[in-house]
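A closer look at the structure
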Amino acid sequence: MIKIGGRALRLAAVMLPTLTLTTVLASTTPASAAGPSCGSKYALRSTHSIYVNSKVRGYLKVYYNSSNGYNCALAVRKGSTSLYSIKLKLCVYNAARTTYGNCKYDGYSKRNHWYSGPLYVYARHRCLYVKAFINTDGAHKGELTGKKVHCG
């Protein structure tokens, strides 16, 4: 035993297993566990279920950043269910809420098995039109269409 501050030597010996355990746990967590994100300045405004054959297979999540007027949308599958594709369309209604435009798309040109988005549109004092689509196996699909999910 080295007699250089014996007390500090014992403290180091006690902390080493804790540090090692934390390092092991952190390295086993998958990078995707946190999920897709719009960013820290975006507040969740609404969550909508997407059904396939009467079962919830995913969610549409809408966020808003009040400091810059931008909205963000994500379509995320539920659980570990394997999906064929997941798509998202986000648009802005005009002031009268009769037509929409300035649309953004994700997942329409590729197969995305876990999530679609984030999509961003500027929509201060406007409502959003969204279309979220989930296809579980190439034949069974669910859709959430035309929802005025948030007016900011």
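Below is a summary of the structure that appears in this document. (Residues numbered from 1 in each chain as written. Predicted model: local features only at pLDDT ≥ 70, side-chain atom pairs only at ≥ 80, totals over all residues. Heavy atoms only, no water.)

Structural notes on the sheet that holds strand β1 (residues 43–52)
Strand order in the open sheet formed by 4 strands is β1-β2-β3-β6, with antiparallel pairing between adjacent strands. A strand with exactly one partner marks an edge of an open sheet, and here the two such strands are β1 and β6 (115–122). Adjacent strand axes in the sheet meet at a mean angle of 15 degrees, parallel and antiparallel pairs treated alike. With 6 bridges connecting them, strand β3 (residues 70–77) and β6 associate as antiparallel partners. Bridged to alanine 73 within β6 is leucine 119. (Pairing = 2+ DSSP bridges. Helix = DSSP H or I, 4+ residues; strand = E, 2+ residues; numbered from the N terminus. Axes fitted to C-alpha atoms, helices over the stretch in contact; angles between N-to-C directions.)

Digging into the pairing of strand β5 (residues 100–106)
Relative to β5, strand β4 (residues 85–93) runs antiparallel, the two sharing 5 bridges. Considered in β5, the bridge of leucine 90 is made with lysine 104. Counting the residues between successive antiparallel strands, the hairpin from β4 to β5 contains 6 residues, one of them, arginine 97, with a positive phi of roughly 60 degrees.

A short note on the side chain of asparagine 65
Structurally, asparagine 65 can be placed in strand β2 (residues 55–65). Look past the residues within four positions of asparagine 65 in its chain and what remains in contact with it is Lys41, Tyr42 and Tyr70. (Contact = heavy atoms within 4.5 Å.)

Notes on the state of the cysteines
Covalent bonding between the sulfur atoms of two cysteines is what defines a disulfide. Tallying each qualifying case throughout the model produces 3 disulfides. A sulfur-sulfur separation of 1.9 Å characterises the disulfide bridge that pairs cysteine 38 with cysteine 72. Measuring the twist about the S-S bond at about -75 degrees, one finds the cysteine 38-cysteine 72 disulfide to be left-handed. Remark: cysteine 72 occurs in strand β3 and cysteine 38 occurs in the loop between α1 (6–28) and β1; sequence separation between them is 34 residues. The same class applies to cysteine 38 and to cysteine 72, which are both buried. (Disulfide = S-S within 2.5 Å. Buried < 20%, exposed > 50% of the residue type's maximum accessible area, 1.4 Å probe, protein only.)

Looking at the environment of tyrosine 42
Turning to its location among the elements, tyrosine 42 is positioned in the loop between α1 and β1. In sequence terms tyrosine 42 and cysteine 72 are 30 residues apart; their C-alpha atoms lie 7.7 Å from each other.

Comments concerning the packing of aromatic side chains
Counted under the stated rule, the structure contains 6 aromatic pairs. Relative to tyrosine 122, the ring of tyrosine 70 lies with its centre 5.5 Å away and its plane at 70 degrees, an arrangement referred to as edge-to-face. Of this pair, tyrosine 70 sits in strand β3 while tyrosine 122 sits in strand β6, and the two are 52 residues apart along the sequence. The class for tyrosine 122 is partly exposed, based on a relative accessible area of 41%. Taking 3.9 Å as the distance between ring centres and 10 degrees as the angle between the ring planes, the aromatic pair formed by tyrosine 100 and tyrosine 129 counts as stacked. A residue pair is termed long-range when its members are at least 10 positions apart, and tyrosine 100 in strand β5 and tyrosine 129 in strand β7 (residues 127–135) qualify at 29 residues. Assessed through its relative accessible area of 35%, tyrosine 100 is described here as partly exposed. Taking relative accessible area as the criterion, tyrosine 129 reaches 8% and is therefore assigned buried. (Phe/Tyr/Trp six-rings, centres within 6.5 Å; stacked < 30°, edge-to-face > 60°.)

A word on the nonpolar core
Within soluble globular proteins, side chains that are nonpolar generally end up buried alongside one another. With 19 residues, the main nonpolar core has Leu60, Leu88, Leu90, Leu128, Ala132 and Val149 as its most contacted residues. Contributions of two or more residues to this core are made by β1, β2, β3, β4, β6, β7 and β8 (141–151). Counting 6 residues, the second-largest nonpolar core is a separate cluster that includes Cys38, Tyr63, Leu74 and Val76. (Core = buried A, V, L, I, M, F, W, Y, C linked by side-chain atoms within 4.5 Å.)

Everything listed here is a matter of coordinates, which is why it stays silent on function.
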